[in-house]
Amino acid sequence: MKIKGVLLACSAGALWALSGIMSQILFEQYFVSPEWLASVRLLMAGIVLIVFSFFQRSSKKQTIHLKDGISLLLFSLIGMLGVQYTYFKAIQYSGAAIATILQFTGPIFIFIYLVLNKEKRINLIEIFLMLMTFVGVFFIMAEGNIQTLNISPMGFSMGMASAVTLAFYTVQPRKLLVKYGEIRICGLGMLIGGILFQLIQPFWQIDFHVDGLSMLLIASIIIFGTALPFLFQLSSLRFIEASLAGILTVVEPVLATILSVLLFHSRFGITQTFGFLLVIGSVILLTRFSNKKKDLSGIEI
């Protein structure tokens with residue numbers, strides 16, 4: 001049964017990678033705004049997950065209390081809406097590969113939060129791995145030379161913002177997930193974030209060319225790039241431990257990078273490739289090392 005969990009976790013990472021690639025196609029070929037895509041993705045995927053939660057026999061149906069409701073609202077705005085919007089903006093300015101790699105540094109900020117919140121103790125090995133992660137990011141962004149920085153400041157800032165909001169998304173709703181169920185909370189988080197974002201970008205205000213391919217890409221991002229990978233990730237936890245499921249999502253930045261090179265002719269030189277491998281390896285080791293001490297949360301998006 002372990003192989004089933006591994007396949008589910010890898011499938012989740014692969015689908016998230018494909019979602020990033022499809023988003024880049026919409027941004028570059030159809031000039032879809034990240035605001036509109038985040039708006040429709042959150043709203044529709046939230047509806048799909050809420051509907052799915054009603055058919056779960058084990059779904060926790062109790063009423064959400066006021067205090068928990070405030071926490072859910074923060075999760076919806078900063079976590080769900082924050083991570084989706086900043087990730088799309090990072091793709092718009094720097095491409096799916098770079099955006100995914102930057103977001104993959106999210107566990108570093110989870111680690112920092114847990115240390116500051118006194119949920120774990122820091123040690124020299126973990127400090128070294130964090131430093132190696134940021135060294136890897138530097139090699140990716142600047143090819144080892146700050147004068148050759150090949151990413152826009154907006155792309156970098158949005159990518160790092162997506163990593164920070166990913167960390168918030170992971171650690172903030174832990175009690176809500178246990179109390180009310182993962183699918184229900186994440187579905188509500190998407191739905192609330194999507195409804196509130198309509199005040200900024202209504203989904204019915206379409207300012208791009210609509211054809212069969214664009215609608216297919218949008219529907220695929222909602223279903224195959226959001227709802228299904230989330231369900232796959234949660235389902236994998238029935239068969240494998242959370243730490244392994246989290247590590248297996250390394251499929252996402254790896255596949256996103258490969259597809260970006262093949263489809264968009266993105267250029268990754270030797271220095272950038274080294275930085276990419278350094279980021280991936282350092283985050284995997286840090287996550288695995290921290291999980292051995294049972295400190296780091298294994299929840300993923």
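Given the structure is predicted, the values throughout are model-derived calculations rather than measurements.

Undergrad: Help me understand helix α3 (residues 66-94), please; the structure alone is not making it clear to me.
TA: Every α-helix carries 3.6 residues per turn, so stepping three or four residues along brings you back to the same face. The end-to-end C-alpha distance of α3, which contains 29 residues, comes to 40 Å, matching closely the 42 Å that a straight helix rising 1.5 Å per residue would cover. Along α3, the sharpest change in direction is near 40° and occurs at G82. Directly beyond the C-terminal end of α3, a positive phi value near 95° is found at G95.

Undergrad: It is not clear to me how helix α10 (residues 212-236) should be interpreted in this structure. Could you clarify?
TA: Look at α10: 33 Å from first C-alpha to last across 25 residues, which is about the 36 Å you get at 1.5 Å a residue. Considering bend angle alone, the principal kink of α10 is centred on S220 and spans about 35°. Between the side-chain oxygen at the start of α10 and the backbone nitrogen of L213 there is a gap of 3.2 Å, and the oxygen is on D211.

Undergrad: Looking at this structure, how should I read the packing of helix α4 (residues 96-103) against helix α12 (residues 251-264)?
TA: Angle between the axes and distance between the axes are the two parameters that describe a pair of packed helices. Following both chains from N to C, one finds α4 and α12 inclined at 165°, their axes separated by 8 Å at the closest point. As judged from the angle between their axes, α4 and α12 are roughly antiparallel. Note on packing geometry: the crossing formed by α4 with α12 is left-handed. On α12, the residues that touch A96, A97, T100, I101 and Q103 of α4 are E252, P253, A256, T257 and S260. In terms of residue class, the contact of α4 with α12 is made up of five nonpolar, four polar and one charged.

Undergrad: Which parts of the structure should I look at to understand the nonpolar core?
TA: Here is a general trend for soluble globular proteins: nonpolar side chains tend to be buried in one another's company. Membership of the largest hydrophobic core comes to 50 residues, with the highest contact counts inside it found for L26 and L37. Those residues in contact with L37 that lie beyond four places of it in its chain are S23, L26, F27, V32, F88 and I221. Core analysis: the second largest hydrophobic core is formed by 14 residues, F104, V137, M160 and V250 among them.

Undergrad: So what exactly am I meant to see when it comes to a nonpolar patch on the surface here?
TA: Taken together, the side chains of L66, I70, L73, L74, L77, I78, L196, L199 and I200 define a hydrophobic patch exposed on the protein surface, amounting to about 880 Å² of accessible area. For the nonpolar patch, the element with the highest residue contribution is α3, accounting for six residues. Residue L196 is classed as partly exposed on the basis of its relative accessible area, which comes to 32%.

Undergrad: In this structure, what is going on with the confidence of the model for the chain? I would like to understand it.
TA: Low-confidence regions, as indicated by low pLDDT, have predicted coordinates that should not be scrutinised in detail. Scored by pLDDT, the chain has a mean of 85; 89% of the residues are at 70 or more. Taken together, the stretch residues 294-301 has pLDDT below 50 and engages in 26 contacts with residues farther than four places along the chain or on a different chain.

Undergrad: For this particular structure, what's the right way to read the packing of aromatic side chains?
TA: Remark: the centre distance and the inter-plane angle together describe each pair of aromatic rings, the angle taken between the planes. One pass over the structure, following the stated rule, counts eight aromatic pairs. Judged by centre distance (5.9 Å) and plane angle (55°), the rings of Y85 and F197 are tilted. Here Y85 is found in helix α3, whereas its partner F197 is found in helix α9 (residues 182-197), with 112 residues between them in sequence. Ring centres of F203 and W204 lie 5.4 Å apart, and the angle between their planes is 80°; on these two criteria the pair is classed as edge-to-face. These aromatic residues form a ring-pair network of at least three members: F27, Y87 and F88.

Undergrad: I tried to follow the packing of α3 against α9 on my own but got confused; where do I start?
TA: Relative to each other, α3 and α9 sit at 75°, their axes nearing to 8 Å. Judged on the interaxial angle alone, α9 and α3 are roughly perpendicular. Between α3 and α9, the residues in contact are L72, L73, F75, S76, L77, M80, L81 and Y85 and I185, C186, L188, G189, M190, I192, G193, L196 and F197, respectively. Residue composition of the contact of α3 with α9, by class: 14 nonpolar, three polar and no charged.

Undergrad: Where do I start with the pattern of salt bridges in this structure?
TA: It is possible for side chains of opposite charge to pair when their charged atoms get near one another. Following the criterion strictly, the structure yields two salt bridges and no others. Put simply, K179 and D68 hold a salt bridge, and the shortest N to O gap is 2.9 Å. Here D68 lies in helix α3 and K179 lies in helix α8 (residues 174-180), a separation of 111 residues in the sequence.

About the cut-offs
Residues numbered from 1 in each chain as written. Predicted model: local features only at pLDDT ≥ 70, side-chain atom pairs only at ≥ 80, totals over all residues. Heavy atoms only, no water. Helix = DSSP H or I, 4+ residues; strand = E, 2+ residues; numbered from the N terminus. Expected span 1.5 Å × (residues − 1). Bend = angle between axes of the 7 residues up to and from the residue. Polar contact = N/O pair within 3.5 Å; in protein donor to acceptor, adjacent residues only side chain to side chain. Axes fitted to C-alpha atoms, helices over the stretch in contact; angles between N-to-C directions. Parallel < 35°, antiparallel > 145°, perpendicular 65-115°, else oblique. Left-handed = near helix turned anticlockwise from the far one by under 90°. Contact = heavy atoms within 4.5 Å. Nonpolar A, V, L, I, M, F, W, Y, C, P; charged D, E, K, R; others polar. Core = buried A, V, L, I, M, F, W, Y, C linked by side-chain atoms within 4.5 Å. Buried < 20%, exposed > 50% of the residue type's maximum accessible area, 1.4 Å probe, protein only. Patch = residues over 30% accessible without salt bridge, like charges linked within 9 Å, V, L, I, M, F, W, Y side chains within 5 Å. Areas by Shrake-Rupley, 256 points an atom, 1.4 Å probe, with all protein chains shown as cover. Salt bridge = Lys/Arg side-chain N within 4 Å of Asp/Glu carboxyl O. pLDDT = per-residue confidence, 0-100. Phe/Tyr/Trp six-rings, centres within 6.5 Å; stacked < 30°, edge-to-face > 60°.

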